[in-house]
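Descriptive structure summary
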Amino acid sequence: MANTLHIVADENIPYADEYFSHLGTVKKVHGRSLCAEQVAQADVLLVRSVSQVNEALLNNSAVKFVGTATIGVDHLDTAYLDRKQISWANAPACNAHSVVDYVFSCISQFAGLWQQLLMDGHSVGIIGLGNVGSRLQQRLLALGIKTKAYDPLLSDTSLPLDQLEQVLACDVVCMHAPLTNSGPYPSYHMIGMTQLQQLKPQAVLINAGRGAVVDNQQLLSFLQQRPQQRVVLDVWENEPQIDLPLLPAIAMASPHIAGYSLDGKILGTAMIYQSCCKALAIAPKPLANEQPLIPFEIPAHLTAIAGLSYAIKQVYDVSEDDRRFRAAMTAAAGDAALAGQYFDELRKNYPERREFSCYQITNSPQLNQQLQNWLGASGFVLAAN
Ligand SMILES: NC(=O)c1ccc[n+]([C@@H]2O[C@H](COP(=O)([O-])OP(=O)(O)OC[C@H]3O[C@@H](n4cnc5c(N)ncnc54)[C@H](O)[C@@H]3O)[C@@H](O)[C@H]2O)c1
Ligand SMILES: O=C(O)[C@H](O)[C@H](O)COP(=O)(O)O
């Protein structure tokens, strides 16, 4: 079967040619406008979260494998794919550390927040303790920060789980649940006015899961009542046409890029390549992806908290995402279609971002012990003594 497949791939899947072209022809498509005609002749379909993969898309095609280079699967009608015996795969955890880096960068934006979490016993609540939530929890616990976690679908975890009310009462509340509309705990609009009112007034709410897990209209009403509440949104209802009046009320805003590290994206492609080869019983070709560590120094005079904030902001400053996003939305001047176009363009042209684990602090032996410990716990690589 090798070299004969018709592969249709979202143009925003990096390294699709490098991975897939030995299997056949790779035709690039615009993911958001993907239509049935474009997949009619396809054997393999490779998508991102912006393509709805369902009966309407695939009914007249011979697609045998669908791969999504993402963690989330809410854009796939998996019941339909299973019924039609079309193999499918996502890329679990591919960009999980990228999302955790995003949360760390967000924490660094709020003056005094690391101090409160690291020194004053403040806590982080996590909603959804899967691949992202559990990695976030591990890094926070390694820093000695208290966490609470709500995940009603997890029965087996080594750490105790908490009620939603307890998590909402934390000082930082991070949303990492997938978007679901059915089952015993559908997450669609699980955070509405009632839950928002349970937040502490000084708390920070971060949604880096899926937009519609938070009811955006109720969020806007809530923020009109409580404008000082700090809310970070990476994901929005109705992307790419977000609710523009909500934006000024949001403390830190980004266009769904929390998982957009280069490392996470490449891993996503590699994972669906492996799954595709397995599903179609093709031997995968070995592809080396070893990247050298990026050397990085921290001014040795900095205190531990200042040094940690410095390191995080140097390697990934989410305020730059916020700045570019607000500028683009302002330039759209209330034109919803244009705003949607700019939202997608910001994502398509996202600057290269590497994960914390790609950076080696070359002067770490000269830093104070507390800072060394915190940098290591945050995911940076320390130079050997
Ligand atoms: N913003 C981004 O760039 C970005 C990047 C990666 C993933 N995501 C989103 O984050 C989601 C989580 O990623 P993951 O890798 O941890 O997924 P995962 O499937 O590993 O874990 C999700 C966890 O959420 C739990 N969950 C399900 N419904 C819940 C509910 N109603 N309340 C609380 N918990 C619930 C599940 O039991 C599971 O443990 C993905 O589904 C995706 O939609 C966003
Ligand atoms: O689910 C995921 O992996 C993330 O949300 C991912 O970053 C989505 O990226 P997209 O497919 O929309 O480019």
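Residues numbered from 1 in each chain as written. Chains lettered and ligands numbered in written order. Predicted model: local features only at pLDDT ≥ 70, side-chain atom pairs only at ≥ 80, totals over all residues. Heavy atoms only, no water.

Within the protein chain, the regular secondary structure consists of 15 helices and 14 strands. The C-alpha radius of gyration computed for the protein chain amounts to 21 Å, which stays within 12% of the reference 21 Å derived for 385 residues, consistent with globular compactness. Counting every position in the protein chain, which comprises 385 residues, the buried fraction comes to 53%. For the protein chain, the share of sequence-separated contacts (at least 6 apart) that also reach a separation of at least 24 residues comes to 62%. (Helix = DSSP H or I, 4+ residues; strand = E, 2+ residues; numbered from the N terminus. Rg over C-alpha atoms; globule rule 2.2 N^0.38 Å. Buried < 20%, exposed > 50% of the residue type's maximum accessible area, 1.4 Å probe, protein only. Contact = heavy atoms within 4.5 Å.)

To continue, consider the packing of aromatic side chains. Using the criterion set out here, one finds ten aromatic pairs in the structure. Taking the centre distance of 5.4 Å and the plane angle of 50° together, the rings of Tyr19 and Tyr273 count as tilted. Here Tyr19 is found in helix α1 (residues 16–20), whereas its partner Tyr273 is found in helix α11 (residues 262–279), with 254 residues between them in sequence. Relative to Phe325, the ring of Trp236 has its centre 5.6 Å away and its plane inclined at 65°; by these criteria the two rings are edge-to-face. Residue Trp236 is located in the loop between β10 (230–233) and β11 (252–253), and its partner Phe325 is located in helix α13 (residues 318–331); the two are separated by 89 residues in the primary sequence. As far as the burial class goes, Trp236 and Phe325 line up, both buried. The aromatic ring of Phe104 is capped on one face by Arg139, whose charged end is 5.2 Å from the ring centroid. Over the face of the ring belonging to Tyr316 we find Arg353, whose NZ or CZ atom lies 3.8 Å from the ring centre. (Phe/Tyr/Trp six-rings, centres within 6.5 Å; stacked < 30°, edge-to-face > 60°. Lys NZ or Arg CZ within 6 Å of the ring centre and 35° of its normal.)

For the rest of this paragraph, the subject is the pattern of salt bridges. Here the structure, examined in full by the defined rule, presents eleven salt bridges. Among the ionic pairs, Lys200 bridges to Asp171, the shortest N-O distance being 2.8 Å. With Lys200 in the loop between α9 (193–196) and β9 (204–207) and Asp171 in the loop between α8 (164–168) and β8 (172–175), this pair connects stretches of sequence that are 29 residues apart. A residue is classified by how much of its surface remains accessible, and Lys200, at 28% relative accessible area, is partly exposed. Residue Asp171 is classed as buried on the basis of its relative accessible area of 7%. (Salt bridge = Lys/Arg side-chain N within 4 Å of Asp/Glu carboxyl O.)

Let's shift gears to the site of ligand 2. Surveying the vicinity of ligand 2 reveals the residues Arg48, Ser49, Thr70, Ile71, Gly72, Asn95, Arg210, His256, Tyr260 and Arg347. Interatomic distance of 2.7 Å between a side-chain N/O atom of Arg48 and an oxygen atom of ligand 2. One of the backbone N or O atoms of Gly72 is found 2.8 Å from an oxygen atom in ligand 2. For ligand 2, the accessible surface in isolation is 360 Å², of which the surrounding protein chains cover 94%. (Near = heavy atom within 4 Å. Polar contact = N/O pair within 3.5 Å; in protein donor to acceptor, adjacent residues only side chain to side chain. Areas by Shrake-Rupley, 256 points an atom, 1.4 Å probe, with all protein chains shown as cover.)

As annotated in UniProt, the feature "domain: Erythronate-4-phosphate dehydrogenase dimerisation" (unreviewed entry) corresponds to residues 308–374 in the numbering used here. For the annotated span residues 308–374, helix accounts for 61% and strand for 4% of the residues, and the straight-line distance between the end C-alpha atoms is 7 Å. (UniProt positions renumbered as here; feature names shortened; annotations may be inferred.)

On to the environment of Tyr310, then. Its location among the elements puts Tyr310 in helix α12 (residues 304–315). Put simply, Tyr310 and Ala89 are 221 residues apart on the chain and 38 Å apart in space, counted from C-alpha to C-alpha. Here Tyr310 is in contact with Phe296, Glu297, Ile298, Pro299 and Leu302, once residues within four sequence places are set aside.

The next subject is the site of ligand 1. By nearness alone, 28 residues border ligand 1, and Asn131, Val132, Asp151, Tyr185 and Asp234 come closest of all. Between ligand 1 and Asp151 there is a distance of 2.6 Å, counted from an oxygen atom to a side-chain nitrogen or oxygen. Here Gly259 contributes a backbone N or O atom positioned 2.9 Å from an oxygen atom of ligand 1. When isolated, ligand 1 has an accessible area of 860 Å², and the protein chains bury 89% of it.

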